Amino acid sequence: MTERSFVAIKPDGVERKLTGEIIKRIEQKGFKMVAMKFIKPSQELAEEHYGEHKEKPFYKGLVEFITSGPVVAMVWEGKDVIATIRKMVGVTDPLKSDPGTIRGDFGISIGRNIIHASDKLESAKKEISLWFSQDELVEYTPTLDKWIYEN
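Residues numbered from 1 in each chain as written. Predicted model: local features only at pLDDT ≥ 70, side-chain atom pairs only at ≥ 80, totals over all residues. Heavy atoms only, no water.

The protein goes by nucleoside-diphosphate kinase in an unreviewed UniProt entry, where it is assigned to Anaeramoeba ignava. Taken verbatim from the UniProt record of the protein, the Cofactor (unreviewed entry) comment is "Mg(2+)". The record in UniProt for the protein states the following under Sequence similarities (unreviewed entry): "Belongs to the NDK family." (UniProt positions renumbered as here; feature names shortened; annotations may be inferred.)

Set out below in structure tokens:
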């Protein structure tokens, strides 16, 4: 099933110049980018994005961090893209992430874990609509899809 996932390279990933490497990994896996923007999130956007954590002690820090610098927000499309990108990203704590994952290769601190990726279809839909308008999502069929997907 083709689905879409929201992915954001957080301010630490942008500042550490990991944007190209992260995009490269996802592209090389075979997924299709359908939207991307470079944005410094507003307080309101950050609060809504992390709304499910509002009552948790780390909520304020999450909002402060994501608004502290620029973010590369993206939408990726492909078969099982949500679960696959989550595997590529690694677990929240970089020190517990496997080598070969983005967090496992580049992260050390849980509060500076480089990247966010949707965890399920419902979250992806909510996050995509929060960060992107419908007209910012580009529909196209890459010619290399026949080399990635079986009929």
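K.L.:
Describe the pattern of salt bridges, listing the residues and the values that go with them.
P.N.:
On inspection of all chains with the given rule, the structure shows eight salt bridges. Where Arg25 meets Glu21, a salt bridge forms, and the shortest distance between an N and an O atom there is 3.0 Å. Taken together, the positions of Arg25 and Glu21, both in helix H2 (residues 19-29) and four residues apart, correspond to about one turn of that helix. Between Glu77 and Lys32 there is a salt bridge; the shortest N-O distance is 2.9 Å. Of this pair, Glu77 sits in strand E3 (residues 71-79) while Lys32 sits in strand E2 (residues 32-39), and the two are 45 residues apart along the sequence. Judged by its relative accessible area of 13%, Glu77 is buried. In this structure Lys32 comes out as buried when scored by relative accessible area, which is 12%. Through salt bridges that share partners, Arg4, Lys32, Glu77 and Glu139 make up one connected network. (Salt bridge = Lys/Arg side-chain N within 4 Å of Asp/Glu carboxyl O. Helix = DSSP H or I, 4+ residues; strand = E, 2+ residues; numbered from the N terminus. Buried < 20%, exposed > 50% of the residue type's maximum accessible area, 1.4 Å probe, protein only.)

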